[in-house]
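Descriptive analysis of the structure
One letter stands for each residue in the lines below.
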Amino acid sequence: MWQYGVVAFIKKSKLQFDIAHNLNFHNDWTPSFLWKLNKPFVWGPVGHHPLIPAQYLAPYRCSYWLKDRLTWLAKQYFWRFSCSLSRTKKTAAHILCMNSAAPKVLRLKTDYSILPSVATQDFGWKKDHEDEYFTVISAGRFVPLKGFDLSISAFAHLTAQLPREQKNKCRLLLIGSGAEDSFLKKLVKENNIEAMVSFVPWIEREELLQEFKTASVFLFPSHEGAGMVVAEALSFGLPVVCLDNEGPGEFINSECGIAVAQQKTYTDTVVALSAALQYLFENPQHRNDLRKAARQRFERFFHWDRRGEHLQKIYAAI
């Protein structure tokens, strides 16, 4: 409701401005009302979060599947029948889309651009360092959307194939907390990898940055349409392993990581993610090449300065 009420607030305040920009991380089914200000109107970044494939919700409670499907039905209603959403699209001078799926579901034809909405500041990185351990990091909320269960299962599949001396060089660091904390810890125990896995619910920011700087790989098999932590991982020169989907999969190419194709079965996806980790484990030189390319990709696309430059061009064209 605040997006509707803010129009009256702005008019009452008699603010002077040239362009109205709905700049929050917007979804592609909720309308904006800034067009009512009768000024050139920019909408976005507008994101699309796809339906989570059923095979990736199977390990969790049925309520997650039900909620995801009901939300999808609500989205379809807005895409098809919302007059306010239709008006938003028609009146926007430019629409920023955070992934390629957003313009498709909104049926946009002109006046839009595709650019990942996620970005981060530069915290520095270590250009040259040798990994004491093959450290795999996953970070985020412990909910089905983030795919932590896939991270654990893929890591377990990797280590099960390694001889003891190599296995002892591997560790998985899970940074975050959430509703599925107990489930994920149980999954670690069932796979007998407790000695190699660490759960970190909260640490100081500086300590977290240090973990990123010294890690080997960022594993992020999330099903969402964005992923702020991917930009942070790239800023530290971390190769990223993710699913090749409409979210992180659009951020990562073969130069800076591995985007694994989503498989028809849960087990096949685990095996594919594990194979990506194994390749990086066995090829440290290529992993180092990916580190440098990951840092370059951050500088080109995910630094906040790049976002400012992109917005400046849009504003100048209106």
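Look up a bit, the structure's there.
These lines cover the structure that appears in this document, whether it is placed above or below. (Residues numbered from 1 in each chain as written. Predicted model: local features only at pLDDT ≥ 70, side-chain atom pairs only at ≥ 80, totals over all residues. Heavy atoms only, no water.)

1. Re the sheet that holds strand 9 (residues 217-220)
What counts here: Should DSSP find at least two bridges between two strands, the strands are taken to pair. Strands are runs of DSSP state E lasting at least 2 residues, helices are runs of H or I lasting at least 4, and numbering of each runs from the N terminus. To define axes, lines are fitted to C-alpha atoms, for helices over the stretch in contact only, and angles between the resulting N-to-C directions are given on a 0 to 180 degree scale. Residues are treated as being in contact if the distance between any of their heavy atoms lies within 4.5 Å.
Taken in spatial order, the 6 strands of this open sheet run 8-7-6-9-10-11, and their pairing is parallel. Whereas interior strands pair on both sides, the edge strands pair on one side only; in this sheet they are strand 8 (197-200) and strand 11 (257-260). On average, each strand axis in the sheet is inclined to that of its neighbour by 20°, with strand direction left out of account. Set on the sheet, helix 5 (residues 148-160) makes contact with strand 6 (134-139), strand 7 (170-175), strand 8, strand 9 and strand 10 (240-243); between it and strand 7 the angle comes to about 175°.

2. Details of the pattern of salt bridges
So the rule is basically this: Whenever Lys or Arg places a side-chain nitrogen within 4 Å of a carboxyl oxygen from Asp or Glu, that contact is recorded as a salt bridge. Burial classification: accessible surface area is computed with a 1.4 Å probe over protein chains only, and a residue below 20% of its type maximum counts as buried, one above 50% as exposed, and the rest as partly exposed.
Applying the stated criterion to the full structure yields 7 salt bridges. For glutamate 299, the salt bridge is made with arginine 295, and the minimal N-O distance between the two is 3.0 Å. Of the two residues, glutamate 299 and arginine 295 both sit in helix 11 (residues 284-302), 4 residues apart, roughly one turn of that helix. Residue classification places glutamate 299 among the partly exposed positions, given a relative accessible area of 35%. Exposure remark for arginine 295: the relative accessible area of 6% places this residue in the buried category. A salt bridge links arginine 306 to glutamate 309; the shortest N-O distance between them is 3.0 Å. With arginine 306 and glutamate 309 both in helix 12 (residues 304-317) and 3 residues apart, this pair spans about one turn of that helix. Taking relative accessible area as the criterion, arginine 306 reaches 25% and is therefore assigned partly exposed. Look at glutamate 309 and you get partly exposed, because its relative accessible area is 39%.

3. Quick look at the nonpolar core
For clarity, the threshold we go by: Side-chain atoms within 4.5 Å are what join buried Ala, Val, Leu, Ile, Met, Phe, Trp, Tyr and Cys residues into a set we call a nonpolar core.
In terms of nonpolar packing, the biggest core is built from 39 residues, with Phe134, Ile152, Phe155, Ile193, Val241, Leu273 and Leu277 touching the most fellow members. When contributions to this core are tallied by element, the ones reaching two or more residues are strand 6, helix 5, strand 7, helix 7 (181-190), strand 9, strand 10 and helix 10 (266-282). The leading source of residues in this core is helix 10, at 8 residues. Judged by nonpolar contacts, the second largest core, of 30 residues, contains Val118, Ile203, Val229 and Phe298.

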